[in-house]
Each structure stands twice: as C-alpha cells, then as structure tokens.
Amino acid sequence: MIEKFRKKNINIQGTPLGQKKSLSIINQLLKTKFNYQFDWLGIPAIQFPNDILIIQELIFRQKPKIIIECGIGHGGMLIFYASILKLLNIKNFKVIGIDVLIKKKNRKKIESHSLSKYIKLYEKSSIDQIFFDRFKKNILQNKNKKLIILDSNHTKDHVSKELELYSTLIKKGEYIVVMDTIIEFINKIYNKGKAFKKGNSPYNAVINFLKKNKSFKVDNYYENKSYLTVAKKGFLKKVK
C-alpha cells in the first residue's frame, strides 16, 4: 500500500510543475545556506537533509563495499557513509575521500573519529592523471560493488574529467552521483566569486557525458524522491 502511495507522489514531484516548485524552495533555502546547518555524528555534512536520506536509501539498496567521494569538505559525509555501511554490517568495507586540500582541522576531526579506521584519505586532485592511474590499478583489484560521489570542483571541465576517469571504475548496475548540478538552475547571486555558474556547471558535464557514453543513464527515481535535491540529473546508473 505504501509503495503505491509513494509512487504516485514521487511521480507528481517529478512533473515540470513539481520541479519548478522544488527549485523555488531550493533558492529560498540557499539564501540562508541551509545545507551548511547540519552535522553527521558531530562533523559538518554540507548537504540537504533530503539528499542525505536518499543517498542512504541508495546505499541500502546497492550495499557497496567501497564508497569513493571526490571533494570531502569537512568530512561529515565520509562519516555518514561509514556509519551506514557499519549499520548494514557490510564486511571489510572502505570509504575513500579524495580532495586537493584537506584542512588540518578537518583531517584531525576525521582521523580522531570512532569510524576513522574505515576511512582512507588522499590529498590529491581527483583528476590528477598520475594519481588516478595508481589509484585505479589498486582499486580495480577489489571486485566488490562500488558507489562514487562527485562533489569537488564544480566547473564543467573538472566534472567532465572526473566522469571520464571514475566511470571506468564501476560495473553494470552501479552508480555515480554527481552533486551540485543544481548550479545550472539557481540564482546567480549564490555563485558570486566562483568559477562555476550556469553554462559552466556539473550539469553541463553530465549532459555531455551522457551524449558520449551510452553505458550510463539518469535514474530519475532518486532525484524525484528527494525532491529538494542538489543532484538534478545527477544519479547516473551504469546500464551496460
């Protein structure tokens, strides 16, 4: 009964009118940096609560043993991934965080956390070719299911390169989630002083990637269910 109820309303949320209302709400929330107001187990997790919850659902369904996040911010989402995988009793899992700069205070919080033993940090650009080649060689030795989250530099070129590289790490049925595609649709004031903007956003990278790579498609289910999401057209599933 609840699944039928949910499907009906998720479909309503995914209509053009539903998406228009969603965008209006998101613009209002961004005025007060709403997504900066939440912690996960004591560490800031810079995401909308809706997206945190929906990523939990994706993790529950996928049950990956490896989660890779490019762009870790304060590290709260790394702790989030580790806590969910631990609750699911996934054996020998690993959460990997990659960032061009990990501030000392953030590293300290992550490495002193009770879940730190499950987390591996790399202070490198996610698109550094030498780093990635070594990383890929090591990571592909592990045949277990993977989930990849892209949330670092939000310019089109950077995200395009991440998609080109990290899409090679996953198998059919697995996901890459591209965060902050919403940049393409929000008011310009929120991007003041940033290189990324409408026309130079993760969304543009996703659209170009999908044109060239027919092995992936957008899974609208998670976007529509989250409703207030920064990952519009950002849940990419490998289908072949």
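Up top is the structure these notes are about.
All figures in this text were calculated on a predicted structure; none of them were measured in a lab.

About the cut-offs
Residues numbered from 1 in each chain as written. Predicted model: local features only at pLDDT ≥ 70, side-chain atom pairs only at ≥ 80, totals over all residues. Heavy atoms only, no water. 1 Å grid on protein atoms, 1.4 Å probe; cavity = no way out; pocket = protein on both sides within 12 Å on 5 of 7 lines; lining within 4 Å. Points joined across faces, edges and corners; volume = space filled by probe spheres on them. Helix = DSSP H or I, 4+ residues; strand = E, 2+ residues; numbered from the N terminus. Nonpolar A, V, L, I, M, F, W, Y, C, P; charged D, E, K, R; others polar. Patch = residues over 30% accessible without salt bridge, like charges linked within 9 Å, V, L, I, M, F, W, Y side chains within 5 Å. Areas by Shrake-Rupley, 256 points an atom, 1.4 Å probe, with all protein chains shown as cover. Salt bridge = Lys/Arg side-chain N within 4 Å of Asp/Glu carboxyl O. Lys, Arg positive; Asp, Glu negative; His and termini not counted. Charge placed at Lys NZ, Arg CZ, Asp CG, Glu CD. Buried < 20%, exposed > 50% of the residue type's maximum accessible area, 1.4 Å probe, protein only. Axes fitted to C-alpha atoms, helices over the stretch in contact; angles between N-to-C directions. Parallel < 35°, antiparallel > 145°, perpendicular 65-115°, else oblique. Left-handed = near helix turned anticlockwise from the far one by under 90°. Contact = heavy atoms within 4.5 Å. Pairing = 2+ DSSP bridges.

Overview of the layout of surface pockets
Part 1: A volume near 1,200 Å³ is recorded for the largest pocket.
Part 2: In this structure, the largest pocket is lined by 41 residues; those nearest its centre are Tyr36, Ile46, Asp151, His154 and Asp180.
Part 3: Put simply, the parts of the chain that give the lining of the largest pocket at least two residues each are helix H2 (16-31), helix H4 (76-87) and strand E4 (94-99).
Part 4: Tallied by class, the residues present in the lining of the largest pocket amount to 19 nonpolar, 15 polar and 7 charged.
Part 5: Lining the second largest pocket, in full, are Ile66, Asn92, Lys94, Ile96, Lys120, Tyr122, Phe131, Arg134, Phe135, Asn138, Ile139 and Asn142.
Part 6: Ranked by residue count, the leading element in the lining of the second largest pocket is helix H6 (residues 129-139), at 5 residues.
Part 7: Split into classes, the residues belonging to the lining of the second largest pocket amount to 6 nonpolar, 3 polar and 3 charged.

Some details on a positive patch on the surface
Part 1: Where like charges cluster on the molecular surface, the positive patch consists of Lys63, Lys143, Lys145 and Lys171.
Part 2: Along the polypeptide, lysine 145 turns up in the loop between H6 and strand E6 (146-150).
Part 3: Relative accessible area serves as the criterion here: at 32%, lysine 145 is assigned to the partly exposed category.

Observations regarding the packing of helix H7 (residues 156-166) against helix H8 (residues 202-212)
The description of two packed helices rests on the angle between their axes and on the distance between the axes.
Part 1: At their nearest, the axes of H7 and H8 sit 7 Å apart, and the two run at 45 degrees to each other. Taken together, the axes of H7 and H8 lie oblique to each other. Crossing of H7 over H8 shows right-handed handedness. Residues Lys156, Val159, Ser160 and Leu163 of H7 form the contact with H8, whose participating residues are Pro202, Asn204, Ala205, Val206, Asn208 and Phe209.

Side note on the sheet that holds strand E8 (residues 216-218)
Part 1: With mixed pairing, the 7 strands of this open sheet are ordered in space as E5-E4-E3-E6-E7-E9-E8. Among the strands making up the open sheet, the edge pair consists of strand E5 (119-123) and E8. Here the average twist between neighbouring strands, direction ignored, is 20 degrees.
Part 2: In terms of strand pairing, E8 meets strand E9 (residues 235-238) through 3 bridges, oriented antiparallel. Within E9, the position partnered with lysine 217 by the bridge is lysine 237.
Part 3: Sitting on the sheet, H4 is in contact with strand E3 (66-70), E4, E5 and E6, with an inclination near 170 degrees to E4.

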